[in-house]
Amino acid sequence: MAVTEPVPEGILRRQSARESAARTYARALPIVPVRARGLTIEGADGRRYLDCLSGAGTLALGHNHPVVLEAIRGVLDSGAPLHVLDLATPVKDAFITELFRTLPPGLADHARVQFCGPAGTDAVEAALKLVRAATGRTGVLAFTGAYHGMTAGSLEASGGAYDVRVARLPYPQDYRCPFGVGGERGAELAARWTESVLDDPKSGVRQPAGMILEPVQGEGGVIPAPDAWMRRMRQITVDRSIPLIADEVQTGVGRTGAFWAVEHSGVTPDVMVLSKAIGGSLPLAVVVYREDLDVWQPGAHAGTFRGNQLAMAAGTATLAYVRENRLAERAAVLGARMLGRLRDLARDFPCIGDVRGRGLMIGVELVNPDEACVPGGIDAPPVDAHAHDGLDATADGDEVRAARPRTVPRSGPVSAPCPAAPALAVAVQRECLRRGLIVELGGRHASVVRLLPPLTITDEQAAAVLDRLADAVAAAAGHHARGAGSRDHTQPNHPDEPSRPRRPPGRVPRQGGRAERAG
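A few points on the structure.

Reading the values: the criteria
- Residues numbered from 1 in each chain as written.
- Predicted model: local features only at pLDDT ≥ 70, side-chain atom pairs only at ≥ 80, totals over all residues.
- Heavy atoms only, no water.
- Helix = DSSP H or I, 4+ residues; strand = E, 2+ residues; numbered from the N terminus.
- Contact = heavy atoms within 4.5 Å.
- Areas by Shrake-Rupley, 256 points an atom, 1.4 Å probe, with all protein chains shown as cover.
- Pairing = 2+ DSSP bridges.
- Axes fitted to C-alpha atoms, helices over the stretch in contact; angles between N-to-C directions.
- Buried < 20%, exposed > 50% of the residue type's maximum accessible area, 1.4 Å probe, protein only.
- Salt bridge = Lys/Arg side-chain N within 4 Å of Asp/Glu carboxyl O.
- Phe/Tyr/Trp six-rings, centres within 6.5 Å; stacked < 30°, edge-to-face > 60°.
- 1 Å grid on protein atoms, 1.4 Å probe; cavity = no way out; pocket = protein on both sides within 12 Å on 5 of 7 lines; lining within 4 Å.
- Points joined across faces, edges and corners; volume = space filled by probe spheres on them.
- Nonpolar A, V, L, I, M, F, W, Y, C, P; charged D, E, K, R; others polar.
- Disulfide = S-S within 2.5 Å.
- Polar contact = N/O pair within 3.5 Å; in protein donor to acceptor, adjacent residues only side chain to side chain.
- Core = buried A, V, L, I, M, F, W, Y, C linked by side-chain atoms within 4.5 Å.

Focus: the overall build of the protein chain
Thought 1: Secondary structure assignment for the protein chain yields 15 helices and 17 strands.
Thought 2: A sequence separation of at least 24 residues applies to 76% of the contacts in the protein chain between residues at least 6 apart.
Thought 3: Counting only carbon and sulfur atoms, one obtains 55% of the accessible surface of the protein chain, whose full area is about 21,900 Å².

Some points on the sheet that holds strand β11 (residues 271-274)
Thought 1: The seven strands lie next to each other as β4-β12-β11-β10-β7-β5-β6, forming an open sheet whose pairing is mixed. Two strands bound the open sheet, and with one partner strand each, they are β4 (111-115) and β6 (166-169). The average undirected angle you get between the axes of adjacent strands in this sheet is 20°.
Thought 2: Judged from the two bridges that link them, strand β5 (residues 140-143) and strand β7 (residues 210-213) form a sheet pairing that is parallel. Within β7, the residue paired with V140 across the bridge is G210.

Focus on the pairing of strand β17 (residues 448-451)
Thought 1: Residue alternation in β17 divides its side chains into two sets, V448 and R450 and V449 and L451, and both sets are buried.
Thought 2: Sheet topology note: the strand β14 (residues 361-366)/β17 ladder contains four bridges and is antiparallel. Its bridge partner lying in β17, V364 is registered against V449.
Thought 3: Bridge count between strand β16 (residues 440-442) and β17: three bridges; the pairing is antiparallel. Looking across to β17, one finds that E440 is bridged to R450.
Thought 4: A loop of five residues connects β16 with β17, the two strands running antiparallel in sequence, and G443 in this loop sits at a positive phi of about 95°.

Description of the pattern of salt bridges
Thought 1: Summed over all chains, the structure comprises 27 salt bridges.
Thought 2: D270 is paired through a salt bridge with R290; the nearest N and O atoms lie 2.1 Å apart. Placement of D270 in the loop between β10 (244-247) and β11 and of R290 in strand β12 (residues 286-290) is noted, with a sequence separation of 20 residues between them.
Thought 3: For D270, a relative accessible area of 6% puts it in the buried group.
Thought 4: A salt bridge links R337 to D459; its shortest N-O distance comes to 3.1 Å. On the criterion of sequence distance, the pair formed by R337 in helix α12 (residues 327-348) and D459 in helix α14 (residues 459-484) is long-range, its members being 122 residues apart.
Thought 5: Look at R337 and you get partly exposed, because its relative accessible area is 44%.
Thought 6: Under the relative-accessibility criterion, D459 is labelled partly exposed at 42%.
Thought 7: Each of E98, R101, R323 and E324 takes part in salt bridges that share partners, so that together they form one network.

Let's talk about the packing of aromatic side chains
Thought 1: For the structure on display, the rule yields seven aromatic pairs.
Thought 2: An angle of 55° between the planes, with centres 6.0 Å apart, marks the rings of F95 and F115 as tilted. Of this pair, F95 sits in helix α5 (residues 90-102) while F115 sits in strand β4, and the two are 20 residues apart along the sequence. With respect to class, F95 is no different from F115; both count as buried.
Thought 3: A ring pair is formed by Y289 and W296, whose centres lie 6.2 Å apart and whose planes are at 75°; its orientation type is edge-to-face. Across the pair, exposure class does not vary: Y289 and W296 are buried alike.

As for empty space enclosed by the protein
Thought 1: With the rule as written, the count across this model stands at five cavities of 30 Å³ or more.
Thought 2: Forming the boundary of the second largest cavity are 13 residues, of which R176, G220, R356, E365 and R444 lie nearest the centre.
Thought 3: Here the lining of the second largest cavity is built from residues that sort into three nonpolar, six polar and four charged.

Some details on the state of the cysteines
Thought 1: Within the structure shown, the criterion is met by zero disulfides.
Thought 2: Distance from the sulfur of C432, which forms no disulfide, to the nearest cysteine sulfur (C52) is 8.9 Å.

Side note on the environment of T256
Thought 1: Within the secondary structure layout, T256 lies in the loop between β10 and β11.
Thought 2: Between the alpha carbons of T256 and V216 there is a distance of 8.3 Å; along the sequence they are 40 residues apart.
Thought 3: At a separation of 3.0 Å, a polar atom in the side chain of T256 contacts the side chain of H264.

A closer look at the nonpolar core
Thought 1: The biggest cluster of nonpolar side chains holds 98 residues, and the ones touching the most others in it are W229, W260, I352, V428 and L451.
Thought 2: Other than its neighbours up to four places away in sequence, W260 contacts L99, T102, L103, P104, E248, G252, V253, M272, L274 and I278.
Thought 3: Membership of the second largest hydrophobic core comes to 22 residues, among which are V124, A126, Y289 and L293.

Concerning the sheet that holds β14
Thought 1: Sheet architecture is open: four strands sit in the order β13-β14-β17-β16, paired in antiparallel fashion. Two strands in the sheet have a free side with no partner beyond their single neighbour: β13 (352-358) and β16. In this sheet, neighbouring strand axes are inclined to one another by 25° on average, regardless of whether the strands run parallel or antiparallel.
Thought 2: As judged from the six bridges shared by β13 and β14, these two strands associate in the antiparallel manner. Across the sheet, residue D354 finds its bridge partner in β14, namely E365.
Thought 3: Each of β13, β14 and β17 is contacted by α12, which is oriented at about 175° to β13, the strand it contacts most.

So, in structure tokens, the structure goes:
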């Protein structure tokens, strides 16, 4: 009698044998999804998982949300064409109308939109081409730690690129400040560096075509840009006639607690790059920009799949649902609550170096607390710097300070942040999967556990996610400590303060409850 190979194992084996060596998520997440709804994925083996990857932030409403499915079925049942290149259709008109309704007012009133290829990186390419055409210049300002996509031009503007037409500028961060000071002072030094590069005739940087930045660096380690620094970048670019491009591919559509992440700082960019959630789970990417930049000739930018009617219908439904149900506001409230609980967890585990994020874009950086820390530079400690820094000075000299990202308190003084622990992060991700939780890794050293749950996540589901993550950290830290022969990192930081009892991982909460429907 022949032995039949189990279905999931056979599919995974064939994937490994036939697909490119460039595949990524499939290596860390060896599951075969067959059904999904909301936050929950069911594998071919019958196991259920809480999905905090959400298609790398694509699924603002989670898997197969009813309003998205209804919108898609409506187009299919209507007999409308599914592919129309850039022709006008009622579906496209409705999408543009809803999109413009959500844009920052200063941009929506005088905007143009270009439909690009299906991915965010295509929209980044279009944005770079646009500002180069509009200014007649070629160079681009980008930032350390950036991620803008995987095509050639997008990679040039990303943090790991070399030998390119991009000037790399420091992106402010608290935990690993490139100047070794952190806080407002670190952000001010980053801003001054930018001004110096642009104004010094011997800096080697010519007047650029544009500046591209992420309001929150996602792949770079979930690092929110200080609001005052964002305003400073806007002023620097305005004063020098440099178009500002905001990459909102992952931060957009309510993810960070505002509909668009630039709204936290009140900044209105010249160009916005949008993808992921705007397609309601289907491929869609656009560039929205000021009308005076619209110098393209007909056919100057195109893409075969820029007329995806199903994606536009799903996107319209998603944008409207997030707006009408105030899911951005809910993301801000629930995200703050989750960050608070994760910071409580960090007090118990020295291997958690930092907890940061904005809204439901959350990162937990794992470190090796027993290894030597590196003072200064990228491994410098955050320090409280409250001297007048001029980041947000107004004409009359008043100053408005941005809220400084909170750093996890530790027991005793900290001379520098601890080294990143990518191996521990991989172990935590593996332990999460064993407990039915899907998470992503990111950051400079792939040592940041990322949470990107759908905006429809309920309070009960959020508690279950954090319970499972806490258990995974405890298990992975224990194994890591025993394997390294060091002290047990599962013990509390404060020996005189007993650990709180760990709650058992919750079952996967039922989908479709009141909180999920109403946001």
